[in-house]
Amino acid sequence: VPHAITATPLFAGLYMNELLIRLLPANHPYPALFDHYCLCLDALASGEPLEPSLRRFERVLLDELGYEIDFANDHLGQPIQLDEYYRYSHQMGFVGCAAMEEGAFVGAELLAIDAEQWQNDDVRRAAKRLMRLALQPLLGEKPLRSRGLFIHGG
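Here we summarise the structure given alongside this text. Residue positions are counted from 1 within each chain, in the order its sequence is given. Selection of residues for local features in this predicted model requires a pLDDT of at least 70, selection of side-chain atom pairs for listing and counting requires 80 or more, and totals for whole chains, interfaces and linings are taken over all residues. Calculated side-chain values reflect all of the structure's heavy atoms, with hydrogen atoms and water omitted.

### Observations regarding a negative patch on the surface
Two distance rules govern patches: like charges are joined within 9 Å, and nonpolar side chains (Val, Leu, Ile, Met, Phe, Trp, Tyr) within 5 Å, applied only to residues with over 30% relative accessible area and no salt bridge. Accessible surface area values rest on a Shrake-Rupley calculation with a 1.4 Å probe, where residue burial reflects the displayed protein chains alone. We define a salt bridge as a contact between a side-chain nitrogen of Lys or Arg and a carboxyl oxygen of Asp or Glu at a distance within 4 Å. The sign given to each residue is positive for Lys and Arg and negative for Asp and Glu; His and the chain ends receive no count. One atom stands in for each charge, and that atom is NZ of Lys, CZ of Arg, CG of Asp or CD of Glu. A grouping of Asp 63, Glu 64, Glu 68 and Asp 70 is seen on the molecular surface, where their side chains present a negatively charged patch. With a 1.4 Å probe rolled over the protein chains alone, any residue whose accessible area is under 20% of its type maximum counts as buried; one over 50% counts as exposed, and the rest are partly exposed. Owing to a relative accessible area of 31%, Glu 64 belongs among the partly exposed residues under this scheme.

Next up, the structure:
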């Protein structure tokens, strides 16, 4: 079914497509990812908020590629604590921080992301930052062209 997507949602759709082209091996089926991709396009076309749809898509993409993020536990298998700070390591997951380091996440944000509680601006910003950190090693040094569309408005 064709989707009439314009303006910023169009850029979001281009971003999703660019991620798929850059990260998926050719001729390998990902039925769960494709189903989620279609749901995300439907959400974009219907005018639903972009951030939750994009974050869900990025998370499913990472899961399908074998890079699932464990939001419940830190790298030692200890439960994420609401008022503790963590930094994200692509190799290990969430590592506790003694203080608010640059790029650290508050445990409450991580648990809210996991529960898809998108009401809070801080949670939405943390989710965006986390997904960028998680995707960066897979994407390499070449920047995404679609991100430039968001920045420059087309």
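Alright, that's what it looks like, and here's the rest.
### Notes on the environment of Leu 50
Put simply, DSSP H or I for four residues or longer makes a helix, DSSP E for two residues or longer makes a strand, and each gets a number counted from the N terminus. Here Leu 50 is to be found in helix α3 (residues 50–64). Distance in space between the C-alpha atoms of Leu 50 and Cys 40 is 9.1 Å, their sequence separation being 10 residues. When checking whether two residues touch, look at their non-hydrogen atoms; a contact exists if any pair is within 4.5 Å. In this view, Leu 50 contacts Thr 8, Pro 9, Ala 12 and Leu 44; residues no more than four positions away in its chain are not counted.

### Notes on the state of the cysteines
Here a disulfide denotes one covalent bond, and it connects the sulfur atoms of two cysteines. Note on disulfides: each one is a pair of cysteine sulfur atoms within 2.5 Å. A complete count under the given rule lists zero disulfides for this structure. The thiol of Cys 40 is not disulfide-bonded; the next cysteine sulfur, from Cys 38, is found 10 Å away.

### Focus on the pattern of salt bridges
All chains considered together, the criterion is met by eight salt bridges. Here Arg 124 makes a salt bridge to Asp 121, at a shortest N to O gap of 1.9 Å. Here Asp 121 and Arg 124 lie together in helix α5 (residues 121–139), a separation of three residues that amounts to about one turn. Note on Asp 121: relative accessible area 41%, which makes it partly exposed. What you see here is one network of salt bridges that share partners, running through Glu 51, Arg 55 and Glu 58.

### Some remarks on the environment of Tyr 67
The residue Tyr 67 is located in the loop between α3 and β1 (85–89) in this model. Between the alpha carbons of Tyr 67 and His 90 there is a distance of 8.5 Å; along the sequence they are 23 residues apart. Excluding its chain neighbours within four sequence positions, the residues that come into contact with Tyr 67 are Leu 62, His 90 and Leu 138.

### Points about the pairing of β1
Two strands pair if DSSP finds at least two bridges between them. In terms of strand pairing, β1 meets strand β2 (residues 93–97) through five bridges, oriented antiparallel. Bridge pairing in β2 links Tyr 88 to Phe 94. Hairpin connection of β1 to β2: three residues between the antiparallel strands. Across two bridges, β1 lies against strand β3 (residues 105–106) in antiparallel orientation. The residue bridging Tyr 86 from the neighbouring strand is Phe 105, located in β3.

### Section: the side chain of Glu 109
Mapped onto the elements of the fold, Glu 109 is located in helix α4 (residues 107–114). Buried and unpaired, Glu 109 has Arg 129 as its nearest opposite-charge partner, separated by 4.4 Å.

### Side note on the environment of Gly 107
Take Gly 107: it is sitting in helix α4. By relative accessible area, which is 0% here, Gly 107 ends up buried. Each C-alpha atom, one on Gly 107 and one on Glu 48, is 27 Å from the other, the two residues being 59 residues apart in sequence.

### A word on the packing of aromatic side chains
Geometry of aromatic contacts follows a simple scheme: Phe, Tyr and Trp rings, the Trp one being its six-membered ring, pair when their centres are within 6.5 Å, and the pair is stacked under 30 degrees between planes, edge-to-face over 60, tilted otherwise. Enumeration over the complete set of coordinates arrives at four aromatic pairs. With a centroid separation of 5.9 Å and 45° between ring planes, the pair formed by Phe 71 and Phe 94 is classed as tilted. Here Phe 94 lies in strand β2 and Phe 71 lies in the loop between α3 and β1, a separation of 23 residues in the sequence. By relative accessible area, Phe 71 is classed as buried at 1%. Its relative accessible area of 1% is what places Phe 94 among the buried residues.

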